[in-house]
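Descriptive analysis of the structure
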Amino acid sequence: MSTAVAPPAQGMFRFEPHHRGRSPYLVPKQKPEIRWTMETSAPVTSSPTVSSEGLVLGASHSNKVFALDRDGKLAWTFATGDLVWSTPAIAALGTVYVGSDDDNLYALDGKTGKMIWKYRVGNCSQTVGIGPEATRCDVDAGPTLGPDGTIYTGGDAIYAIQPNGTLRWRFTTGGHVASAPAVGDDGVVYAGSQDNSVYAIAPDGRRQWEFRARDDVESSPAIEEDGTVYVGSDDNRLYALSPQGQLIWAFTTGDDVRASPAIGRDGTLYIGSFDGLFYAIRRDGTLLWAFRTGDRIFSSALVDAAGTILVGSQDDRLYAIEPDGKLRWSVELGGDVDSSPVLGPDGTIYVGTDDGKLYALRAP
Ligand SMILES: [Ca+2]
Ligand SMILES: [Ca+2]
Ligand SMILES: [Ca+2]
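Residues numbered from 1 in each chain as written. Chains lettered and ligands numbered in written order. Predicted model: local features only at pLDDT ≥ 70, side-chain atom pairs only at ≥ 80, totals over all residues. Heavy atoms only, no water.

**With respect to the overall build of the chain**
To be explicit about the condition: Counting from the N terminus, the helices are DSSP H or I runs at least four residues long and the strands are E runs at least two residues long. Every radius of gyration here is taken over C-alpha atoms, with the globule rule written as 2.2 Å times N^0.38, N being the number of residues. Whether a residue is buried, partly exposed or exposed follows from its accessible area with a 1.4 Å probe, protein chains only, as a fraction of its type maximum: under 20%, in between, or over 50%, in that order. Any two residues having at least one pair of non-hydrogen atoms within 4.5 Å are treated as being in contact. The sign given to each residue is positive for Lys and Arg and negative for Asp and Glu; His and the chain ends receive no count. All charge positions are set by atom: Lys at NZ, Arg at CZ, Asp at CG, Glu at CD.
A count of helices and strands for the chain gives 1 helix and 32 strands. Relative to the globule expectation of 21 Å for 364 residues, the C-alpha radius of gyration of the chain, 18 Å, shows essentially globular dimensions. Oriented by its inertia axes, the alpha-carbon framework of the chain measures out at about 45 × 45 × 40 Å. Residues classed as buried in the chain amount to 63% of the 364 residues present. Considering only contacts within the chain whose residues lie at least 6 apart along the sequence, 46% involve residues at least 24 apart. Taken together, the 32 basic and 46 acidic charged side chains of the chain have centroids lying 3 Å from each other.

Right, dumping it as structure tokens:
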């Protein structure tokens, strides 16, 4: 099966389909100051996305998706029918894709925020609110934009949706999928599920392999240049899996690993755990260093162009950590920093917190 290659997407969760978490920009040397905040009145767990024109897209548990210019001026908002955990993705031509706990994947016009289409994921009898049936079809994974523009997300299964809003394939899982699918150069799609498995799915939607962890896999996989797949699990481990689905190694932390790994340009893996530690792990699975934060880490790290790491913690801080594991600076924000930080071209950091705010931070 040949795959057409379109211009790369402008942004998405973990930045690109391999999910390596690498930013082409630099984390500020100096401790940054708050430039502006956007008050959303509900926790911001979703990660911001910056368009190539500098538009900042965010979403929150206020049910809303919003776009701000680089000065924090609101360009548009779009209301969904329930909480938004999903991170907005922006395609090459500017269409914004985002999921909601109302069980829809939305395509929005990036300039106006107007809805182009919505796709109902699954057929849950209760779409909004709390309880197993209300959350089973939540669209909180990614979405991830593949090299040919296909949109991958999760819900009651793993979904591949065409850019025109029609289904390409649906892959059945035994549990909810909160893990944002990663897409390899060969078009193979990898995602985890609350059924404890990691799945590899061929471009035609058929199963290639399944790897069983010992607990939920909510972490989103990352794919290295050599095809190795790295993913965390609630069984406290970070797994390294071969492209054929064989276990290469497992690194054990002290608690759930819900964050997604970042892969440095030298192959070093960076990931936090609910044990409060942030780990740098060599590609052979041995510990390089660990950095202690004051609470659980849900936020997925960013690696900048020079190897500096940026990550949030539920101790309400955003940390910049040097490649050798030493603290560069940390900033206290107003609540758990579960959102994954992103960098703009000018070094501005965007991140959301549980206090309901989206922050723009910049060195003085
Ligand atoms: Ca729902
Ligand atoms: Ca656990
Ligand atoms: Ca906290």
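Having put the structure on the table, let's press on.
**With respect to the state of the cysteines**
Which entries qualify depends on this criterion: In what follows, a disulfide is any cysteine sulfur pair within 2.5 Å.
For the coordinates displayed, the defined rule picks out 1 disulfide. Put simply, Cys124 and Cys137 are joined by a disulfide, and their sulfur atoms are 1.9 Å apart. The S-S bond linking Cys124 to Cys137 shows a torsion near 75 degrees; that makes this disulfide right-handed. In this pair, Cys124 is assigned in the loop between strand S9 (115-120) and helix H1 (132-135) and Cys137 in the loop between H1 and strand S10 (144-145), connecting sequence segments 13 residues apart. What makes Cys124 buried here is its relative accessible area of 3%.

**As for the coordination of the calcium ion (ligand 3)**
Rules: Each metal site is built from N, O and S donor atoms within 2.8 Å (3.2 Å for Na, K and Ca), and since water is not included, such sites may look incomplete.
Distances from the calcium ion (ligand 3) to its protein donors, Gln314 (O), Asp316 (OD) and Asp336 (OD), fall at 2.3 Å. Positions of the donor residues of the calcium ion (ligand 3) along the chain correspond to the pattern Q-x1-D-x19-D.

**So, the layout of surface pockets**
Basically, it comes down to this: Buriedness for pockets is judged along seven lines, at least five of which must meet protein on both sides within 12 Å for an open set on the 1 Å grid over protein atoms alone, while cavities are sets there where a 1.4 Å probe fits but cannot get out, and lining residues have an atom within 4 Å of a point. Grid points are joined across faces, edges and corners, and a volume is the space filled by probe spheres set on the points. Asp, Glu, Lys and Arg are counted as charged, while Ala, Val, Leu, Ile, Met, Phe, Trp, Tyr, Cys and Pro are counted as nonpolar; the rest, among them Gly, fall into the polar class.
If you add up the space inside the largest pocket, you get close to 510 Å³. Lining the largest pocket we find 28 residues, and of these Thr45, Trp85, Ala178, Glu218 and Phe298 sit closest to its centre. Residue composition of the lining of the largest pocket, grouped by class: 8 nonpolar, 15 polar and 5 charged. Its volume calculated, the second largest pocket comes out at about 340 Å³. What lines the second largest pocket is a set of 20 residues, and nearest its centre among them are Gln10, Pro24, Tyr25, Val50 and Leu343.

**Some points on the coordination of the calcium ion (ligand 1)**
The calcium ion (ligand 1) binds to the protein through Asp101 (O), Asp103 (OD), Thr127 (O), Ala134 (O) and Asp138 (OD); the donor distances cover 2.2 to 2.3 Å. Mapped onto the sequence, the donors of the calcium ion (ligand 1) take the spacing D-x1-D-x23-T-x6-A-x3-D. With Asp101 in the loop between strand S7 (95-99) and strand S8 (104-109) and Thr127 in the loop between S9 and H1, this pair connects stretches of sequence that are 26 residues apart. On the basis of relative accessibility, which here comes to 5%, the residue Asp101 falls in the buried class.

**Regarding the sheet that holds strand S24 (residues 277-281)**
Formally: Pairing between strands requires that DSSP locate at least two bridges from one strand to the other.
Taken in spatial order, the 4 strands make up an open sheet running S22-S23-S24-S25, and their pairing is antiparallel. Both outer strands of the open sheet, strand S22 (262-263) and strand S25 (287-292), are each paired with one neighbouring strand and no more. Of the pairings in the sheet, the one linking strand S23 (residues 269-272) to S24 comprises 4 bridges and is antiparallel in character. Note that in S24 the partner of Leu269 across the bridge is Ile281.

**Things to note about the nonpolar core**
Buried together is how nonpolar side chains tend to be arranged in soluble globular proteins. We count it as follows: Buried Ala, Val, Leu, Ile, Met, Phe, Trp, Tyr and Cys residues that are joined via side-chain atoms within 4.5 Å together make up what is termed a nonpolar core.
Among the nonpolar cores identified, the biggest contains 15 residues, and Tyr97, Leu105, Trp117, Tyr119, Leu145, Ile151 and Ile161 are the most heavily contacted of them. Those elements that provide at least two residues to this core are S8, S9 and strand S12 (157-161). Here the element with the most residues in this core is S12; it accounts for 3 residues.

**Description of the sheet that holds strand S21 (residues 247-252)**
With antiparallel pairing, 4 strands are arranged side by side in an open sheet as S18-S19-S20-S21. Only two strands of the sheet have a single partner each, and these edge strands are strand S18 (222-223) and S21. Here strand S20 (residues 237-241) pairs with S21 via 5 bridges, running antiparallel. Each bridged residue has a counterpart across the sheet, and for Leu238 the counterpart in S21 is Phe251.

**Topic: the environment of Trp249**
Rules: Side-chain atoms alone can form a polar contact between residues adjacent in sequence; in general such a contact is a pair of N or O atoms within 3.5 Å, and within protein one must be able to donate a hydrogen while the other accepts it.
By secondary structure assignment, the location of Trp249 is in strand S21. Trp249 sits in the buried class, given a relative accessible area of 10%. Taking the C-alpha atoms as reference points, Trp249 and Arg283, 34 residues apart in sequence, are found 9.6 Å from one another. Among all residues touching Trp249, those that are not within four sequence positions of it are Tyr230, Leu238, Tyr239, Ala240, Leu269, Ile281, Arg282, Arg283, Asp284 and Gly285. Of note is the side chain of Trp249, whose polar atom sits 3.1 Å from the backbone oxygen of Arg283.

**Quick look at the side chain of Arg237**
Positionally, Arg237 belongs in strand S20. Among all residues touching Arg237, those that are not within four sequence positions of it are Arg214, Val231, Gly232, Ala250, Phe251, Thr252 and Val257.

**Thoughts on the pattern of salt bridges**
Stated precisely, the cut-off is as follows: One speaks of a salt bridge when a side-chain nitrogen belonging to Lys or Arg is within 4 Å of a carboxyl oxygen belonging to Asp or Glu.
Applying the stated criterion to the full structure yields 19 salt bridges. With a shortest N-O distance of 3.0 Å, Glu224 and Arg283 are connected by a salt bridge. One end of the pair, Glu224, is in the loop between S18 and strand S19 (229-232); the other, Arg283, is in the loop between S24 and S25, with 59 residues separating them in the sequence. Judged by relative accessible area, Glu224 falls into the buried class, the value being 6%. By relative accessible area, which is 43% here, Arg283 ends up partly exposed.

It is worth stressing that arrangement in space is one thing and function is another; only the former is reported here.
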